Amino acid sequence: MNVKHLAGVALVACLVASCATSTNESDETSDSGDSEGPVTLRFNSLAFQEPTIEASKAIVDAWNAEHPDIQVEYVQGSWDSVHDQLVTQLQTGKAPDIIHDESADISGFARQGYLADLSPYLSDEVKDAVPEGVWDAVTVDDKVIAAPTLLQSYMVFANTDLLQQAGVDIPAGETWAWDDFQAAAAKATTDDTYGVAWGLAEPTATVTSLGMNFGATFFDGEGDDADITVGDPELALPARIHEMTYDDQSIDPTSLTLSGSDALPGFLHGKYAMTVQGSYVAQQLVQDAPEDFHWAVLPPLSAESAAQAANPQTLSVPAESPHVEEAAEFIDYFMAAQNLAKVAEGDWLIPASSEASDAVAADTGGDNGWNEILNSGEYLTKAPFQSVTNYPQWDDQIATPALQKYFADEISLDELQAELTDGWADVSGG
Amino acid sequence: MNATRAEIARPDRQAGRSRSGPTPPDGQDAQSRRKGPRRRRNEALPLLLPALLPVALFSMFPLVQGIYLGFTDSRAGLDQVTHFTGLENYRDLLDNGLFWESFRIGLVWAFSVTILQFVASLGLALLLNQDLRLRWLARTLALVPWAMPPVVIAIMWRMMFNPNSGPINSWVRGLGFSGDFNLLGDFNTALPAVIVVGVWVGMPQTTITLLAGLQSMDSSMHEAAEVDGAGALRRLVHVTLPSLRPIIAAITSLDFIWNFNQFALVYVLTRGGPGGETMLPMLFSYNEAFRYGHYGMAAAMGNVMVLIIVAMLFFYLRNRLRENA
Amino acid sequence: MSVRAHPTRTRSLQYVALAGYLIFLGFPLLWMLSTAFKSSQELADITPRLIPSDPILDNFGDAIDRADLVHAGANSLQVALATTVLVIAMTLPAAYGLARYKTWLRPVTLSWILIGQVFPVILVAIPLFLILDQFSLTDSLVGLTIVHAVYALPFGLWMLQGYITAIPRDVEEAGAVDGAGRLRILVSIILPLLRPGVVATALFTFIASWNEFFFALVLIQDPDKYTLPRTLVRFVGASDQVQLGPLAAGALLATLPSLVFFLLIQRRLTAGLLSGAVKG
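Residues numbered from 1 in each chain as written. Chains lettered and ligands numbered in written order. Predicted model: local features only at pLDDT ≥ 70, side-chain atom pairs only at ≥ 80, totals over all residues. Heavy atoms only, no water.

Caption draft 1: Inspection of the overall build of chain B at higher detail. Along the backbone of chain B there are 15 helices and zero strands. Taken across its 325 residues, chain B has 57% of its residues classed as buried. Accessible surface, chain B: about 13600 Å² in total, of which carbon and sulfur atoms supply 60%. (Helix = DSSP H or I, 4+ residues; strand = E, 2+ residues; numbered from the N terminus. Buried < 20%, exposed > 50% of the residue type's maximum accessible area, 1.4 Å probe, protein only. Areas by Shrake-Rupley, 256 points an atom, 1.4 Å probe, with all protein chains shown as cover.)

Caption draft 2: Spatial organisation of the overall build of chain C. In terms of regular secondary structure, chain C is built from 13 helices and zero strands. Listed N to C, the secondary structure of chain C is α-α-α-α-α-α-α-α-α-α-α-α-α in terms of helices and strands. In chain C, which comprises 280 residues, the proportion classed as buried is 60%. Carbon and sulfur atoms form 67% of the exposed surface of chain C, whose accessible area is close to 10500 Å².

Caption draft 3: Looking closely at the pairing of strand S8 (residues 154–159) of chain A. All names here are of chain A. The buried fraction of S8 amounts to six of the six residues, a majority that puts the element mostly inside the structure. Of the two faces of S8, the one carrying Tyr-154, Val-156 and Ala-158 and the one carrying Met-155, Phe-157 and Asn-159 are both buried. Relative to strand S13 (residues 272–278), S8 is paired through five bridges, and the arrangement is antiparallel. Residue pairing in the sheet places Ala-158 in a bridge with Met-274 of S13. (Pairing = 2+ DSSP bridges.)

Caption draft 4: Structural context of the packing of aromatic side chains. By the definition in use, this model includes 47 aromatic pairs over all chains. An angle of 15° between the planes, with centres 6.1 Å apart, marks the rings of Tyr68(B) and Phe84(B) as stacked. Highlighted residues: Tyr68(B) in helix H3 (residues 37–69) and Phe84(B) in the loop between H3 and helix H4 (88–95), separated in sequence by 16 residues. Judged by its relative accessible area of 57%, Phe84(B) falls in the exposed class. An aromatic cluster is present here, built from Phe99(B), Trp100(B), Phe103(B), Phe111(B), Phe256(B), Phe260(B) and Phe284(B) joined pairwise through their rings. Looking at Lys38(C), its charged tip hangs above the ring of Trp31(C), at a distance of 4.6 Å from the centre. Positioned above the aromatic ring of Tyr226(C) is the side chain of Arg230(C), whose terminal nitrogen or guanidinium carbon lies 4.3 Å from the ring centre. (Phe/Tyr/Trp six-rings, centres within 6.5 Å; stacked < 30°, edge-to-face > 60°. Lys NZ or Arg CZ within 6 Å of the ring centre and 35° of its normal.)

Caption draft 5: The arrangement of the side chain of Asn303(B) in detail. Counting through the fold element by element, Asn303(B) comes out in helix H15 (residues 295–324). Relative accessible area serves as the criterion here: at 10%, Asn303(B) is assigned to the buried category. When sequence neighbours within four positions are dropped, the list of residues in contact with Asn303(B) reads Ile67(B), Gly70(B), Phe71(B), Tyr90(B) and Phe119(C). (Contact = heavy atoms within 4.5 Å.)

Caption draft 6: Helix H8 (residues 169–177) of chain C, seen in detail. Taken together, the buried positions of H8(C) are occupied by Arg169(C), Glu172(C) and Gly175(C). Each buried residue of H8(C) sits inside an arc of 120° when the element is viewed along its axis, so together they form one side. (Arc of directions from axis to C-beta.)

Caption draft 7: The interface of chain B and chain A, seen in detail. The partner chain A presents 34 residues to the 30 residues of chain B that form the contact. Both sides of the chain B and chain A interface together cover about 3000 Å² of buried area, and 55% of this is carbon and sulfur. On the chain B side of the interface with chain A, the three residues burying the most area are Leu78(B), Asn164(B) and Tyr292(B), jointly 20% of the side's total. Where chain B meets chain A, there are one salt bridge. The residue Arg291(B) makes a salt bridge to Asp396(A) at a minimum N-O spacing of 2.6 Å. Looking at the side of chain B that touches chain A, the elements that each hand over two or more residues are H3 and helix H14 (281–291) of chain B. With six residues, H14(B) is the single largest residue contributor to the side of chain B that touches chain A. Across the side of chain B that touches chain A, the residue classes break down as 16 nonpolar, nine polar and five charged. (Buried area = accessible area lost by both parts, 1.4 Å probe. Salt bridge = Lys/Arg side-chain N within 4 Å of Asp/Glu carboxyl O. Nonpolar A, V, L, I, M, F, W, Y, C, P; charged D, E, K, R; others polar.)

Caption draft 8: The nonpolar core, seen in detail. Counting residues in hydrophobic clusters, the biggest one holds 267 residues, and the most contacted among them are Phe43(A), Phe157(A), Met148(B), Trp157(B), Trp200(B) and Met32(C). Examining the composition of this core, we find that 15 residues originate from one element, helix H7 (residues 141–166) of chain C, more than from any other. Within the second largest apolar cluster, 54 residues are counted, among which are Leu162(A), Trp178(A), Ala216(A) and Met274(A). (Core = buried A, V, L, I, M, F, W, Y, C linked by side-chain atoms within 4.5 Å.)

Caption draft 9: Quick look at the sheet that holds strand S2 (residues 70–76) of chain A. All names here are of chain A. Taken together, the five strands give an open sheet; going across it, the order is S2-S1-S3-S17-S6, and neighbouring strands pair in mixed fashion. Across the chains shown, the open sheet's two edge strands, defined by having one partner strand only, are S2 and strand S6 (147–148). Pairing between strand S1 (residues 39–45) and strand S3 (residues 98–102): two bridges, direction parallel. Considered in S3, the bridge of Phe-43 is made with Ile-98. In the packing of helix H2 (residues 50–66) onto the sheet, the strands contacted are S1 and S2, and the crossing angle to S2 comes to about 165°. (Axes fitted to C-alpha atoms, helices over the stretch in contact; angles between N-to-C directions.)

Caption draft 10: Quick look at the pairing of S2(A). Residues and elements named next belong to chain A. In terms of burial, S2 is largely enclosed, as five of its seven residues are buried. Of the strand pairs in this sheet, S1 and S2 are connected by seven bridges, and their pairing is parallel. Across the sheet, the residue bridging to Arg-42 is Glu-73, located in S2.

Caption draft 11: Local environment of the pattern of salt bridges. Residue and element names in this part refer to chain A. A full pass over the atoms with the stated rule returns eight salt bridges over all chains. One salt bridge connects Asp-363 with Lys-342, and the closest N-O pair in it is separated by 3.0 Å. Note that Asp-363 is positioned in helix H15 (residues 354–364) and Lys-342 in helix H14 (residues 337–347), a separation of 21 residues in sequence. Lys-342 gets classed as partly exposed once you look at its relative accessible area, which sits at 41%.

Caption draft 12: Expanded view of the sheet that holds strand S10 (residues 194–198) of chain A. Residue and element names in this part refer to chain A. A sheet is described by the order of its strands in space; here four strands give the open sequence S10-S13-S8-S14, paired in mixed fashion. The sheet is open, and its two borders are formed by S10 and strand S14 (295–297), each paired with just one other strand. When the angles between neighbouring strand axes are averaged without regard to direction, this sheet yields 25°.

Caption draft 13: Quick peek at the environment of Asn96(B). Residue and element names in this part refer to chain B. The residue Asn-96 is located in the loop between H4 and helix H5 (97–128) in this model. Taking the C-alpha atoms as reference points, Asn-96 and Leu-283, 187 residues apart in sequence, are found 15 Å from one another. What Asn-96 contacts, discounting residues up to four positions off in sequence, is Phe-284 and Met-301. A distance of 3.2 Å separates a polar atom in the side chain of Asn-96 from the backbone nitrogen of Leu-98. (Polar contact = N/O pair within 3.5 Å; in protein donor to acceptor, adjacent residues only side chain to side chain.)

Caption draft 14: Representation of a nonpolar patch on the surface within the structure. All names here are of chain C. On the surface, a cluster of nonpolar side chains totalling about 350 Å² of accessible area is made up of Leu-30, Leu-33, Leu-50 and Ile-51. Tracing the chain through its elements places Ile-51 in the loop between helix H2 (40–43) and helix H3 (58–66). Assessed through its relative accessible area of 65%, Ile-51 is described here as exposed. (Patch = residues over 30% accessible without salt bridge, like charges linked within 9 Å, V, L, I, M, F, W, Y side chains within 5 Å.)

Caption draft 15: Looking closely at helix H6 (residues 125–134) of chain C. Residues and elements named next belong to chain C. Within H6, seven of the 10 residues are buried, leaving the element largely enclosed by the surrounding structure. Of the residues making up H6, those classed as buried are Ala-125, Ile-126, Pro-127, Leu-128, Phe-129, Ile-131 and Leu-132. Of the residues flanking the end of H6, it is Ser-136, one or two places downstream, whose phi is positive at about 55°.

Caption draft 16: Structural context of the packing of helix H3 (residues 79–92) of chain A against H14(B). It is at 10 Å that the axes of H3(A) and H14(B) come closest, and there the two elements cross at 60°. For the element pair H3(A) / H14(B), the angle class is oblique. Residue-level contacts link His83(A), Asp84(A) and Val87(A) of H3(A) to Tyr286(B), Phe290(B) and Arg291(B) of H14(B). Class assignment of the residues belonging to the contact of H3(A) with H14(B) gives a composition of three nonpolar, one polar and two charged. (Parallel < 35°, antiparallel > 145°, perpendicular 65-115°, else oblique.)

Caption draft 17: Layout of unusual backbone geometry. Even without glycine at this site, Gln249(A) takes up a positive phi of about 60°. Assignment of secondary structure puts Gln249(A) in the loop between helix H10 (232–247) and helix H11 (260–268). One non-glycine residue with positive phi stands out, namely Ser136(C), at about 55°. By the element assignment, Ser136(C) lies in the loop between H6 and H7.

Caption draft 18: The environment of Leu81(C), seen in detail. Here Leu81(C) is to be found in helix H4 (residues 69–100). When the C-alpha positions of Leu81(C) and Ala202(C) are compared, they lie 9.1 Å apart, and in sequence the two are 121 residues distant.

Caption draft 19: Looking closely at the confidence of the model for chain C. Residue and element names in this part refer to chain C. Looking at chain C as a whole, its pLDDT mean stands at 79, while 89% of the residues score no less than 70. Confidence, read as mean pLDDT per element, is least for helix H13 (residues 271–274) in chain C (45) and greatest for H4 (88). Overall, residues 271–280 carries pLDDT values under 50, and its contacts beyond four positions in sequence, including any with other chains, amount to 40 contacts. Scored as a complex, the prediction yields pTM 0.80 and ipTM 0.79. (pLDDT = per-residue confidence, 0-100.)

Below you can see the structure in the form of structure tokens.
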């Protein structure tokens, strides 16, 4: 039958086509441990700002020039999609040799066993330059599963004109007490301006991190065996924010529903005297602030201490990579003071290495808030929640909705406590 | 499903016949009875093979695997061993309040968007069917939402809803609401706001489908009704809509499925917030699989969703088309 | 359509309604256009302005350079065209088979179409990836094309099958009576009648492939092979930082080809093209 022949031909054509293409594909996959010829490593970089991308590429080029036998290929990734990509790539063994991520995210993969231990391969120089607290943030089951590169802290940015008008002295000490911050915010609130804009659309990260100022730990234990305690230290920060919003009326309640970057335009145009943001926002201020806008970064906030969670950007190597040692060598090179400094400057982030930090200070002269930002780095340390397996689920399903409701004044502090504690039982039990 | 196909109306232009009422059931059954089905059955296979083979391999096989995962304890992790656990996931799901909450939100969302989409698209289709000027512009703009990747659409609407730099807040204030507000961040307005975007996204396919239906309808019916003195609204309800019934049934079912399964839109607009108010089921199972690594449980959620939606559609289509018989 | 002219009042109301629709459908696009010309400083302003106070062209250059838009567009075009051709080629015979023959495959195929649409696609991502890996088709545009084709197939099949069902058998019978062989009937009688259906199916398939994001994200790692939607997300950074200007510019450029395409075919959006679209 004619039709049968047609169908048969089509079928064979399809099979032949797919065979032909698949043989072509195999030539393109990165080579896998040939003893002859150079080793090529894929480096998936998430550099976002222009200067950072250039700085990262420059590091790769410099490395390639010095190491003809170990070539690194720069691949541009994006923050938005890195998690999904890693899920599929790690599950199927197709991950890049050098993974760029952040510790909150990568720790999950580390606990699933996907990452290589880098401690045998990192140089002493690099190890000594980074504080213990930060190393802890990238250590899982006693294995160093990533090199911490850049960090951010939550800082108060102030419109100095508005503060001066309100009669508030611009703080200049090492740290700034929470009580003073609260007082300043109240003083700076007038009929047309709020004291503070705080973008808490995703509240959990801020509450667990900045909460360390008040001694909040939230979790006890590691991995799958963790218990939660939501006591006075843990509730102190949410309560303080609630107080400032609904009692003092110095925080704009609408800003609480916005993301940090969405709350920024209002700050730039004089609607708010201060705003609490990630330190990297300084870059946007430099770029986008109107001509006559005068701003400053205020010293890190402190109650019991000025501690905040260290959530560094990370460079890791998959356990299944055939070139763990070479990849780790590149990572070590990336962490060198001058290299890391250039990348940090591009993204306006704090380098994890103190030597790099000094280099940035020298380069920028400490201007535009760099001094305060770099100094805040010394208070960053690992938080207990970072080694808890079910934390992301608790964050998404329990903490975020509960905190959003609390900040919208829909539930009371006691209800918040109950939801956070009971919710953990649901999440970790199942 | 066989009955569905057979009963849906067909255009009669090609046959050059005109009818005065809804077309009777498919003549195909009558024809094949004449031809004798048994002789033809085997001939269908080679025609279907070129399509079936890649589909079986790349679509059915992963799908079956995906469904199977719902009966295991599959998790993310190097060297994880997967065990068959039978109905355990489903027993756990019964207790998972958040899942059912998300399912409820999914239903509210899907019904709202589908119905609003239908009404809006019907209006637009009726307008496009008229002899108005600038039809070329209208028809092109009607397709605009289709031209953009959902991710881009979501970012664009988020820009519009931005309390500081977006125009929507200014308009709402113009309507008389004062003060500061964030439509996407407020517990009461987040879902409605996202529903508006959902309607916007789905209008193209519904509009052109309804438009095609309208244009292939017989004008003789309309004229007869007009001569009888029926006003525009009565014509719409008693002549137009009934003839379109099979098309309406088909496109609303499809829209419902697509809307229920919407993911990219809410992910970018609200991440399922605030407080889970816009957490659609697809987003929920995505988190379960990709954020927490619980593949087995996520697949179980998928299976439950399929069962319930298919059951709903079965009853919907059975009733709709029974009326048409 | 009514032969009698409508009274003017109804006409004006209709124009008002139409204008309302056009604003609803077109305004977001207009806003994106406006955003594409704004500098990041102006985007940080709190007064929304439709017309940029200080328009710049940099965003477009930025988008084209940084996101490699032209190259990504070429990739998207390749994949979408190949997908469309594949889908038409596979569904034509299959739709004919389903429409004309009473086979047990019919309810099976139709049920699978339904289930496939309802089951969360994201959950098949990993099994699919593993299968593609077997054939070394991961990280390749060919692999992506096959996946797009396979996932666009059900809907295309349903559409084409409806169109074929709409063609009465008498037409084929007439051809057979005239002595033409089966193949000749198919090619010279059925195909021409099917052209509108094929065009409609091609349209749906092309757009679905052009806009597809999730598989492009998960299956493609080499930036050289990124498709348009995939490359545009590079303007979205961590913690909700978005580079709105270049993103809007890039999105606009990515949308233009589809818009031009729509403008060209909108004239054909008449009964001939779409009748039978969802019939059967």
